[in-house]
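As a plain string of letters, each chain reads:
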Amino acid sequence: MMSLISPSKAQKKLAENARAKRLQMALTQEGLANRSGVPVRTLRKFEQEGAISLASFLKLYMVLGGLDDIIAASASKQTAFASIDEVLSTPRAPTRKRGTRK
């Protein structure tokens, strides 16, 4: 399913959420930067513009306590079956190891 939110808006929303978590934990930008290993300048740019590397983003969320949620949100969804009959009647397709699109 495609999202109706643009990547730039998503970046800004993620930055807002991270800032809110930081403030909820009563951490200063310097405190979060020291605990995460992310430079203060990078953290400030992230909170203002939403721009950050994935590695730095994950370091911040490791301290903010949301890393497991991010990993869970990116996992592929399994189909929930209502009965054993549905499970048995579903053809087993091989799991793709590589994509075909370039």
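In what follows, the structure referred to is the one given above.
The structure reproduced in this document is the subject of the present report. (Residues numbered from 1 in each chain as written. Predicted model: local features only at pLDDT ≥ 70, side-chain atom pairs only at ≥ 80, totals over all residues. Heavy atoms only, no water.)

Details of the overall build of the protein
Along the backbone of the protein there are 6 helices and 0 strands. Each helix and strand of the protein, placed in order from N terminus to C terminus, yields the pattern α-α-α-α-α-α. Looking at the 102 residues of the protein, the share that counts as buried comes to 21%. For the protein, restricting intrachain contacts to residue pairs at least 6 apart in sequence, the fraction spanning at least 24 positions comes to 48%. Total accessible area on the protein is roughly 8500 Å²; 55% of this is exposed by carbon and sulfur atoms. (Helix = DSSP H or I, 4+ residues; strand = E, 2+ residues; numbered from the N terminus. Buried < 20%, exposed > 50% of the residue type's maximum accessible area, 1.4 Å probe, protein only. Contact = heavy atoms within 4.5 Å. Areas by Shrake-Rupley, 256 points an atom, 1.4 Å probe, with all protein chains shown as cover.)

Some remarks on the packing of aromatic side chains
The tally for this structure, following the rule as stated, stands at 2 aromatic pairs. Measuring from ring centre to ring centre gives 5.9 Å for Phe46 and Phe57, while their planes differ by 80°; the resulting arrangement is edge-to-face. Linking Phe46 in helix 3 (residues 40–49) with Phe57 in helix 4 (residues 54–64), this pair joins segments that are 11 residues apart in sequence. Phe57 shares its class with Phe46; the two are buried. An aromatic cluster is built from Phe46, Phe57 and Tyr61, whose rings are joined through pairwise contacts. (Phe/Tyr/Trp six-rings, centres within 6.5 Å; stacked < 30°, edge-to-face > 60°.)

Things to note about the pattern of salt bridges
Applying the stated rule across the entire model yields 4 salt bridges. The shortest N-O distance in the salt bridge between Glu47 and Arg19 comes to 3.9 Å. Here Arg19 lies in helix 1 (residues 7–24) and Glu47 lies in helix 3, a separation of 28 residues in the sequence. Residue class for Glu47 comes out buried when judged on its relative accessible area of 13%. Since its relative accessible area comes to 41%, Arg19 is described here as partly exposed. A salt bridge links Arg44 to Glu30; the shortest N-O distance between them is 2.7 Å. Separated by 14 residues along the polypeptide, Arg44 in helix 3 and Glu30 in helix 2 (residues 29–36) bring together distant segments of the chain. (Salt bridge = Lys/Arg side-chain N within 4 Å of Asp/Glu carboxyl O.)

What to know about the nonpolar core
Ranked by internal contacts, the top residues of the largest apolar core, which has 13 residues, are Ala18, Leu32, Leu43, Phe46, Leu60, Tyr61 and Leu64. Secondary-structure elements contributing two or more residues to this core are helix 1, helix 2, helix 3 and helix 4. Among the elements that line this core, the one with the most residues is helix 4, at 5 residues. Look past the residues within four positions of Leu32 in its chain and what remains in contact with it is Arg22, Leu27, Leu43, Leu60, Val63 and Leu64. (Core = buried A, V, L, I, M, F, W, Y, C linked by side-chain atoms within 4.5 Å.)

Functional significance is not addressed by these values, which are geometric in nature.
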